[in-house]
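Report on the structure
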Amino acid sequence: LKKNNLEIILHLKISRAWKGYGSSLFLELGELHDELAWKKGNEPTTTSVGEFSLSSAGSWKLFKGSVNILDAENASSSEIKKVMKDLESRSIESIEINGKLTLHLSDKISLEFNKAEYGFFTLVSNVKPFISYEDNSLYAHHSII
């Protein structure tokens, strides 16, 4: 994996941080917008997503300087939820990849995603391309709906 592939998220703000199943972590990066989602029972609803969503399957750590604040694999659900708000509104200042993905945030906070048997990390673009036909011409769009 090349570092420059991830430079697209440099300087983006963590607009929303949320905990998934177990110790999985989801970060919504950039401006938030509503996207179609589904409730149990197949009822449509919306959820707020960023321009990009970055997630860890659960093997992540949070540091303040060199001090380990939280190791998600050994933390309780309430301990994980407690640090979520502290991540929000921080921007990604730099990125390192060398066997692990490290995001350096403001105030000497670092978020480290580690490889585990159940996954490493996922980065998804939430800016969807679509094609429309107008005035007898095709248009390709890349926008947030």
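Refer to the structure above for everything that follows.
Residues numbered from 1 in each chain as written. Predicted model: local features only at pLDDT ≥ 70, side-chain atom pairs only at ≥ 80, totals over all residues. Heavy atoms only, no water.

On to the packing of aromatic side chains, then. Applying the stated criterion across every chain, the model contains 2 aromatic pairs. Look at Trp-18 and Phe-26: their rings are 4.2 Å apart centre to centre, the planes differ by 10°, and that puts the pair in the stacked class. We classify Trp-18 as partly exposed; its relative accessible area is 29%. Its relative accessible area of 24% is what places Phe-26 among the partly exposed residues. (Phe/Tyr/Trp six-rings, centres within 6.5 Å; stacked < 30°, edge-to-face > 60°. Buried < 20%, exposed > 50% of the residue type's maximum accessible area, 1.4 Å probe, protein only.)

As a further point, take the pairing of strand 3 (residues 33-38). Sheet analysis places strand 3 next to strand 4 (residues 44-49), joined by 6 bridges and oriented antiparallel. When the sheet's bridge partners are listed, Trp-38 is paired in strand 4 with Pro-44. As consecutive antiparallel partners, strand 3 and strand 4 are separated by 5 residues, and within that stretch Gly-41 has a phi angle of approximately 85°, a positive value. (Pairing = 2+ DSSP bridges. Helix = DSSP H or I, 4+ residues; strand = E, 2+ residues; numbered from the N terminus.)

By the definition in use, this model includes 4 salt bridges. For the salt bridge of Arg-90 with Asp-86, the shortest nitrogen-to-oxygen distance reads 3.2 Å. Given the relative accessible area of 10%, Arg-90 is considered buried. Judged by its relative accessible area of 35%, Asp-86 falls in the partly exposed class. Notably, a salt bridge pairs Asp-107 with Arg-90, separated by 3.1 Å at the nearest N-O pair. Taken as a pair, Asp-107 in the loop between strand 9 (100-105) and strand 10 (109-114) and Arg-90 in the loop between helix 1 (77-87) and strand 8 (92-97) lie far apart in primary sequence, 17 residues in all. (Salt bridge = Lys/Arg side-chain N within 4 Å of Asp/Glu carboxyl O.)

The subject of this paragraph is the environment of His-33. If you trace the backbone, His-33 turns up in strand 3. Classification of His-33 by relative accessible area gives buried; the value is 12%. Note: C-alpha distance between His-33 and Ser-48 (15 residues apart in sequence) is 5.4 Å.

On their own, these measurements won't tell you what the molecule is for.
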